[in-house]
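Listed below, chain by chain, are the residues.
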Amino acid sequence: MSTTTTNSEWNVVYLFSGLALLFLTWKAIVFFRLFRPRNEHALRTVAVLVLGDIGRSPRMMYHAESFAENGFMTYLVGYGGSKPIPSLETLPKIQLCYLPEPPIFLKSLPFIVTAPFKIAHQIVSILNELLIRIPEPPEYLVVQNPPSIPTLALVALVGRIRGCKVIIDWHNLGYSILALRLGNEHLFVKIAKWFEATFGQSAYAHLFVTEAMKDYLVKEWNLQGQKIVLHDRPPKHFHHSSPQEIHDLFSNTKTPISAILQPSLADFLPEAKPPYSTPFTDISKPTDSESSHPTSANPPLAPPLPLTSQTYTEVNPPTLRADRPALVVSSTSWTPDEDFGILLDALKIYEERANAVNSSAGDGTGKAKLPKLLMAVTGKGPQRDMYMTQVSKLQKKWKWVRCISVWLEAEKYPLFLGSAEFGVCLHSSSSALDLPMKVVDMFGCGLPVCALNFKCLPELVVHGKNGLVFNDSAELAKQLEFLLVSFPDAPLLASLRASLEQATRHPIDGQATALPDTEEWKWSSWGENWNLKMKPLIAGGVRT
Ligand SMILES: Nc1nc2c(ncn2[C@@H]2O[C@H](COP(=O)(O)OP(=O)(O)O[C@H]3O[C@H](CO)[C@@H](O)[C@H](O)[C@@H]3O)[C@@H](O)[C@H]2O)c(=O)[nH]1
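Quick caveat, the model's predicted, so the values are computed rather than measured.

The rules behind the values
- Residues numbered from 1 in each chain as written.
- Predicted model: local features only at pLDDT ≥ 70, side-chain atom pairs only at ≥ 80, totals over all residues.
- Heavy atoms only, no water.
- Buried < 20%, exposed > 50% of the residue type's maximum accessible area, 1.4 Å probe, protein only.
- Helix = DSSP H or I, 4+ residues; strand = E, 2+ residues; numbered from the N terminus.
- Pairing = 2+ DSSP bridges.
- Right-handed = clockwise from strand over helix to strand, strands pointing away.
- Domains from an automatic or database assignment.
- Contact = heavy atoms within 4.5 Å.
- Buried area = accessible area lost by both parts, 1.4 Å probe.
- Salt bridge = Lys/Arg side-chain N within 4 Å of Asp/Glu carboxyl O.
- Polar contact = N/O pair within 3.5 Å; in protein donor to acceptor, adjacent residues only side chain to side chain.
- Nonpolar A, V, L, I, M, F, W, Y, C, P; charged D, E, K, R; others polar.
- Near = heavy atom within 4 Å.
- Areas by Shrake-Rupley, 256 points an atom, 1.4 Å probe, with all protein chains shown as cover.
- Patch = residues over 30% accessible without salt bridge, like charges linked within 9 Å, V, L, I, M, F, W, Y side chains within 5 Å.
- Axes fitted to C-alpha atoms, helices over the stretch in contact; angles between N-to-C directions.
- Parallel < 35°, antiparallel > 145°, perpendicular 65-115°, else oblique.
- Left-handed = near helix turned anticlockwise from the far one by under 90°.
- Phe/Tyr/Trp six-rings, centres within 6.5 Å; stacked < 30°, edge-to-face > 60°.
- Lys NZ or Arg CZ within 6 Å of the ring centre and 35° of its normal.

Comments concerning the pairing of strand E14 (residues 449-452)
Right, on to step 1. Alternating positions in E14 separate into two faces, Val 449 and Ala 451 on one and Cys 450 and Leu 452 on the other, with burial throughout.
Right, on to step 2. Bridge count between strand E13 (residues 422-425) and E14: 3 bridges; the pairing is parallel. Considered in E14, the bridge of Val 424 is made with Cys 450.
Right, on to step 3. Between E13 and its parallel partner E14, the chain crosses via helix H15 (residues 437-444), and the hand of that crossover is right-handed.
Right, on to step 4. Of the strand pairs in this sheet, E14 and strand E15 (residues 467-470) are connected by 4 bridges, and their pairing is parallel. Within E15, the position partnered with Leu 452 by the bridge is Phe 470.

Quick word on the domain arrangement of the protein chain
Right, on to step 1. When the domains of the protein chain are assigned, the result is domain 1 (3-28 + 42-229) and domain 2 (243-284 + 319-503).
Right, on to step 2. Inter-centroid distance (C-alpha atoms) of domain 1 to domain 2 is 38 Å.
Right, on to step 3. In this complex, domain 1 contributes 21 residues to the contact, which on the side of domain 2 involves 16 residues.
Right, on to step 4. Where domain 1 abuts domain 2, roughly 1,500 Å² becomes buried across the two surfaces, and 65% of that area is made up of carbon and sulfur atoms.
Right, on to step 5. Between the two partners, domain 1 and domain 2, sit 0 salt bridges.
Right, on to step 6. Between domain 1 and domain 2 we count 9 residue pairs in polar contact (both at pLDDT 80 or more) in total.
Right, on to step 7. Top contributing element to the side of domain 1 that touches domain 2 by residue count: helix H8 (residues 211-221), with 4 residues.
Right, on to step 8. Here the residues of the side of domain 1 that touches domain 2 are counted per class, giving 12 nonpolar, 5 polar and 4 charged.

Quick notes on the pairing of strand E11 (residues 373-378)
Right, on to step 1. In terms of burial, E11 is largely enclosed, as 6 of its 6 residues are buried.
Right, on to step 2. Residues Leu 373, Met 375 and Val 377 point to one face of E11 and Leu 374, Ala 376 and Thr 378 to the other, with burial holding for every one of them.
Right, on to step 3. For strand E10 (residues 326-331) and E11, the ladder comprises 6 bridges, and the chain directions are parallel. The residue of E11 that forms the bridge with Ala 326 is Leu 373.
Right, on to step 4. Two strands pair when backbone bridges link them, and E11 and strand E12 (residues 401-406) are joined in this way by 6 bridges, in the parallel orientation. Each residue of the ladder has a partner; that of Ala 376, found in E12, is Ile 404.
Right, on to step 5. For the crossover that starts at E11, traverses helix H13 (residues 384-394) and ends in the parallel E12, the hand is right-handed.

What to know about the site of the ligand
Right, on to step 1. Around the ligand lies a shell of 25 residues, among which Ser 333, Leu 408, Asp 434, Lys 438 and Asp 441 are the nearest.
Right, on to step 2. Within the backbone of Gly 379, one N or O atom sits 3.3 Å away from a nitrogen atom of the ligand.
Right, on to step 3. Residue His 427 places a side-chain N or O atom 2.9 Å away from an oxygen atom belonging to the ligand.
Right, on to step 4. Taken by itself the ligand offers 750 Å² of open surface, and the protein chains cover 88% of this.
Right, on to step 5. Among the elements of the structure, helix H2 (58-69) and H15 are those that each provide at least two residues to the shell around the ligand.
Right, on to step 6. Top contributing element to the shell around the ligand by residue count: H15, with 3 residues.

Overview of the environment of Ser 405
Right, on to step 1. If you trace the backbone, Ser 405 turns up in strand E12.
Right, on to step 2. Judged by relative accessible area, which is 10%, Ser 405 ranks as buried.
Right, on to step 3. In sequence terms Ser 405 and Leu 180 are 225 residues apart; their C-alpha atoms lie 24 Å from each other.
Right, on to step 4. Apart from residues lying up to four places away in sequence, Ser 405 is in contact with Ile 260, Trp 334, Val 377, Arg 384 and Met 388.
Right, on to step 5. Of the polar contacts made by the side chain of Ser 405, one reaches the side chain of Arg 384; its length is 2.7 Å.

Examining a nonpolar patch on the surface
Right, on to step 1. On the surface, Phe 105, Leu 109, Ile 112, Val 113 and Phe 117 cluster together into a nonpolar patch covering about 540 Å² of accessible area.
Right, on to step 2. Along the polypeptide, Ile 112 turns up in helix H4 (residues 111-133).

What about the sheet that holds strand E1 (residues 42-53)?
Think of a sheet as strands paired side by side through backbone hydrogen bonds, with each pair either parallel or antiparallel.
Right, on to step 1. Strand order in the open sheet formed by 7 strands is E3-E2-E1-E4-E5-E6-E7, with parallel pairing between adjacent strands. Two strands close off the open sheet at either side, each with one partner strand: strand E3 (94-98) and strand E7 (224-229). Neighbour-to-neighbour, the strand axes of the sheet open up by a mean angle of 20°, direction not taken into account.
Right, on to step 2. By the bridge criterion, 5 bridges tie E1 to strand E4 (residues 138-145) in an arrangement that is parallel. By the bridge assignment for E4, Ala 47 is matched with Leu 141.
Right, on to step 3. Seen against the sheet, H2 touches E1, strand E2 (73-79), E3, E4, strand E5 (165-170) and strand E6 (202-208) and runs at an angle of roughly 165° to E2.
Right, on to step 4. Together, E1, E4, E5, E6 and E7 form the strand contacts of helix H18 (residues 526-539), whose direction differs from that of E7 by roughly 155°.

Points about the pattern of salt bridges
Right, on to step 1. For the structure shown, the criterion picks out 17 salt bridges.
Right, on to step 2. With a closest N to O distance of 2.7 Å, Lys 273 and Glu 271 form a salt bridge.
Right, on to step 3. Among the residues examined, Lys 273 registers a relative accessible area of 38% and is labelled partly exposed.
Right, on to step 4. Here Glu 271 falls in the exposed class, since its relative accessible area comes to 58%.
Right, on to step 5. With a closest N to O distance of 3.1 Å, Arg 497 and Glu 421 form a salt bridge. Note that Arg 497 is positioned in helix H17 (residues 491-505) and Glu 421 in the loop between helix H14 (413-417) and E13, a separation of 76 residues in sequence.
Right, on to step 6. Among the charged side chains, a network of salt bridges with common partners joins Arg 59, Asp 169 and Asp 232.

Some details on the packing of H2 against H18
Right, on to step 1. It is the contact of H2 with H18, at a shortest axis distance of 11 Å, that shows an interaxial angle of 65°. With respect to H18, the axis of H2 lies roughly perpendicular. Note on packing geometry: the crossing formed by H2 with H18 is right-handed. For the pair H2 and H18, the contacting residues are Arg 59, Tyr 62, His 63, Ser 66 and Phe 67 in the first and Trp 526, Trp 530, Met 534 and Ile 538 in the second.
Right, on to step 2. Counted by class, the contact of H2 with H18 contains 6 nonpolar, 2 polar and 1 charged residues.

Notes on the packing of aromatic side chains
Right, on to step 1. For the structure on display, the rule yields 15 aromatic pairs.
Right, on to step 2. Judged by centre distance (5.0 Å) and plane angle (80°), the rings of Phe 67 and Trp 530 are edge-to-face. Separated by 463 residues along the polypeptide, Phe 67 in helix H2 and Trp 530 in helix H18 bring together distant segments of the chain.
Right, on to step 3. Overall, Trp 530 belongs to the buried group, its relative accessible area being 0%.
Right, on to step 4. An aromatic cluster of three or more residues is present, and its members are Phe 67, Phe 72, Tyr 140, Tyr 204 and Trp 530.
Right, on to step 5. Taking NZ or CZ as reference, Lys 165 lies 5.2 Å from the ring centre of Tyr 204, over its face.
Right, on to step 6. Stacked on the ring of Trp 407, the Lys or Arg Lys 380 has its end atom at 4.6 Å from the ring centre.

See the structure below:
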């Protein structure tokens, strides 16, 4: 009896041992298959990874759009939050793959406790997306840097497992952003730099946003792989908004802009009666059309027209109002590398100057007037509330200046920029090697810029040609005054805008354009530039 029991116990042990052995063998095979280098990727497939809100990562959205337009099945992997550009939701070859946010309970715990969990969660969710959920191994894997940790290591691993060609898109240096908070000598900054240099060193190709970044990284980190400078450029549909587009944008009571303008700026803006007029445009009768041109000699506005079908056949298209405030825009992610204190100080000075100039203008001295200035800052980000609280205190006493913050859907963003007179850029560059995408957006929308000076700014902004460069708030205030004096007939602004238009209009070799006598300053749309630089790179992978 005892022998039978012993035998059956052994049988169970053998059975379980056998099953365990089978399981381990299967795991070993899977492990081996997973980790051996492969070249069995699906041709014309790409995964684009951004460790951030996809809708707030324009360059990666444009990459995805361009790959899809070039026939690639494109998986765009990143976090949700803001609505992406419309084409990403309509192009048949694009799939948006949203990474899950870390569990909510982690938000209530201190960072030091949650950091390891968040990173582990991030690693698992990225690997899950790139290794399992994307069905076939992509031919190319494009990753944005920064952030570098953990993405650079993960794409190197996935590239090896799935046989993808890794392309690192260098937007900036991650360790330099960390150094803004911790200082260059901090241990974490040194570790971050080591990580970025080690895992970023080798790739199929490296893309850079500036020549300066390419030169620096090739020299300092001895990058291996093809190296291409792909400057940011605006999408083709960016343009200066027509009075009709401005009218539609500001008379649409459902957009966030109208919601901000109406209650909070009622005492600052000229009276408007949508759909006949907005603070910037109005529709006048044909007989009034000549007098409604945007000159300072414009007579008072025509009263709103009665809404009848007969009247509709008589009305003119909208024109810009002579009594509109000057709309100036800045665009940002409200991060510590942009000091909005500079802008606030400049606005304070402008307010004082406008008070002084405009009170003496009434004395018959014939001095030019400064207009009301509506400064609109677009974008979302961590320092927004801090600066907007300061603004709301300051502007209680202001008569000539208001500053608002607004977030626009991707579709409306270029229309809003294109409605402005010019832009302001406070990008200071943590590495001194990148360039502000917002300036590219503004140029695309026909706006010259006032830009804060830093080392490689001349790769984009040429003082006096497409914008003005300032070093501090006093200089910025002078430039605001210089450009806006006697607005809306502002001759200095008009000539800078004409110079920008000329620079971005004339094609060279049908591909790019250059400012007169500045060969380095090349211009084209994102699509033209992408096709020129990226097609030779990705054509190499095609096996027909
Ligand atoms: N939809 C929408 N987008 C907005 C809005 N406001 C700003 N943005 C987007 O946010 C960008 C500005 O964000 P920043 O983070 O300030 O970007 P940047 O300094 O101009 O440039 C960034 O991208 C470059 C690569 O493209 C990097 O090289 C650079 O380091 C930086 O990360 C704009 O270009 C625009 O795409 C808005 O209201 N709506």
